[in-house]
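Coordinate analysis (summary)
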Amino acid sequence: MDFKDHKHVVIIYPHPDDESFGASGTTVRFREAGVPVTYLCGTLGEMGRNMGSPFFATRESLPEIRKQELLDACAVLDMNVEMLGYRDKTIEFESRKLVAERLKDYIEDLGATLVITFYPPFAVHPDHNAMGAAAFEAVKMIDSDIRPELWATAITNDRQETLGEPDVIIDTEEVFEKKLEAIKAHRSQAEGMLSKMRESSDFVGEYDSALQRLQYESFYRIDVDRVHY
Ligand SMILES: [Zn+2]
C-alpha cells in the first residue's frame, strides 16, 4: 500500500482521543504523503470520568476542555476535524440510518478514498461499536464502483482468534514522537492513562512494552457486502 495512492482519508470514531490512540501514526504517514485527513468525531466525550490528573476539569467544564484538547491534537497531526455533536455514551440510541446518511454525505463531499473506523462488535465500548456500525452502513450506501476502501480497528482481546491477523499493520516508529504528542494533547485523559500504565507496570520494561504496543496501528480491511455487523 502506497500512502500517496489515496485522495482523502476520513476517520470516524466517537471520542476525542480515539484518533490519537488508534490512528494518529497512520494519519501522520498520510499527511507526510500529502494526503488530506479529516476526523469526524462523534461526541465531545463529555461524560468521561477522567477529569485530569491532578483534577483540573469539572463536569461543567469538561466539554469545552475536551473540545480544545481535540483541536490541539488535530493541530499536532495536521488533520481537519468535524465535530458531529452526538451525546457521549448514547450513540447506540441514535438511528443508525440517520447517522449513516450524515456520514455518507461527508464521505462523498470530501471525496474520501479510504474510511477508517471501529470494527463492531469488536470495539469494546458501545459508542465505538455504534459509530463503527453507522460508518459501515454509510460506506455500504455508496455505489460499489465508487466506494472508498474501509479499514476497521478491533480492540477486544479475542479479536485475533475471531478475525485472524489484521490486514494492515502500520508501524509508526518513525512518527511515534508525534503520536505521543497528540495523545498528550488530550491532557484530561492521557495523563491519567499514561500514569496508570506506569503504575501498573511492576517492571520498568512493561511501560516500554505498553508504548511499543501503541507503536503498531492495525486494521482489518472490510468488504461491507460480506461482513455482518
Ligand atoms: Zn473512545
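The structure under discussion appears in the preceding block.
What comes next is a walk through the structure. (Residues numbered from 1 in each chain as written. Predicted model: local features only at pLDDT ≥ 70, side-chain atom pairs only at ≥ 80, totals over all residues. Heavy atoms only, no water.)

**Thoughts on the layout of surface pockets**
Let me state the cut-off plainly: Buriedness for pockets is judged along seven lines, at least five of which must meet protein on both sides within 12 Å for an open set on the 1 Å grid over protein atoms alone, while cavities are sets there where a 1.4 Å probe fits but cannot get out, and lining residues have an atom within 4 Å of a point. Grid points are joined across faces, edges and corners, and a volume is the space filled by probe spheres set on the points. By the criteria applied, helices consist of DSSP H or I runs no shorter than four residues and strands consist of E runs no shorter than two, each listed in order from the N terminus. The classification used treats Ala, Val, Leu, Ile, Met, Phe, Trp, Tyr, Cys and Pro as nonpolar, Asp, Glu, Lys and Arg as charged, and all other residues, Gly among them, as polar.
Taken as a whole, the largest pocket spans an internal volume of roughly 1,600 Å³. For the largest pocket, the lining is made up of 50 residues, of which Phe21, His128, Ile155, Met193 and Leu214 are closest to its centre. Of all elements in the fold, only helix 1 (18–32), helix 5 (159–163), helix 7 (187–199), helix 8 (204–215) and strand 7 (216–221) reach the threshold of two or more residues within the lining of the largest pocket. A per-element tally of the lining of the largest pocket places helix 7 first, with eight residues. Classifying every residue of the lining of the largest pocket by side-chain character gives 18 nonpolar, 18 polar and 14 charged.

**Quick notes on the coordination of the zinc ion**
In plain terms, the rule: Metal donors: N, O and S atoms at distances within 2.8 Å, or within 3.2 Å for Na, K and Ca, with water omitted from the atom set so that some sites may seem incomplete. Just to be clear on the cut-offs, tetrahedral is four donors with all angles between 85 and 135 degrees, square planar is four donors and octahedral six with opposite donors over 155 degrees apart and all others between 65 and 115, and anything else goes down as irregular. When accessible area is computed with a 1.4 Å probe and restricted to protein chains, residues below 20% of their type maximum are described as buried, those above 50% as exposed, and intermediate ones as partly exposed.
Taken together, the protein donors to the zinc ion comprise His15 (ND1), Asp18 (OD), Asp18 (OD) and His128 (NE2), at separations of 2.1 to 2.7 Å. Bound by four donor atoms, the zinc ion shows angles of 52 to 126° at the metal and therefore irregular coordination geometry. Along the chain, the residues donating to the zinc ion are arranged with the sequence spacing H-x2-D-x109-H. You can see His15 sitting in the loop between strand 1 (9–13) and helix 1 and its partner His128 sitting in helix 4 (residues 126–140), a full 113 residues away along the chain. Exposure class is identical for His15 and His128. Each is buried.

**Here's the deal with the sheet that holds strand 7**
Strand pairing in a sheet relies on backbone hydrogen bonds, with the paired strands running either antiparallel or parallel. Selection criterion: For two strands to pair, DSSP has to find at least two bridges joining them. Geometry is summarised by axes, namely lines fitted to C-alpha atoms with helices restricted to the contacting stretch, and by angles between N-to-C directions that run from 0 to 180 degrees. In what follows, a contact means two residues having at least one pair of non-hydrogen atoms within 4.5 Å.
In spatial order, the strands read 3-2-1-4-5-7-6; together these seven strands make up an open sheet with mixed pairing. Edge positions in the sheet fall to strand 3 (80–83) and strand 6 (168–171), since each has one partner strand and no second. The mean inter-strand angle of the sheet, taken between neighbouring strand axes irrespective of direction, is 25°. Note: strand 2 (residues 37–41) against strand 3, four bridges, orientation parallel. Looking at the pairing, Leu40 lines up with Glu82 of strand 3. In the packing of helix 1 onto the sheet, contacts are made with strand 1, strand 2, strand 4 (114–118), strand 5 (149–153), strand 6 and strand 7, and the angle to strand 7 comes to roughly 90°.

**Considering the pattern of salt bridges**
Our working definition: Whenever a carboxyl oxygen of Asp or Glu lies within 4 Å of a side-chain nitrogen of Lys or Arg, that contact is scored as a salt bridge.
Enumeration according to the criterion identifies eight salt bridges in this entry. In this structure, Arg66 and Asp17 form a salt bridge, with 3.6 Å as the shortest nitrogen-oxygen distance. Residue Arg66 is found in helix 2 (residues 62–77), and its partner Asp17 is found in the loop between strand 1 and helix 1; the two are separated by 49 residues along the sequence. Residues Arg66 and Asp17 agree in their burial class; the two are buried.

**What about the pairing of strand 5?**
Spelled out, the test is: A crossover counts as right-handed when, viewed with the strands pointing away from the observer, the path leading from the first strand over the helix to the second turns clockwise.
In terms of burial, strand 5 is largely enclosed, as four of its five residues are buried. Inspection of the sheet shows strand 4 paired to strand 5 by five bridges, in the parallel sense. Note that in strand 5 the partner of Leu114 across the bridge is Glu149. Once you follow strand 4 into helix 4 and on to strand 5, the crossover reads as right-handed.

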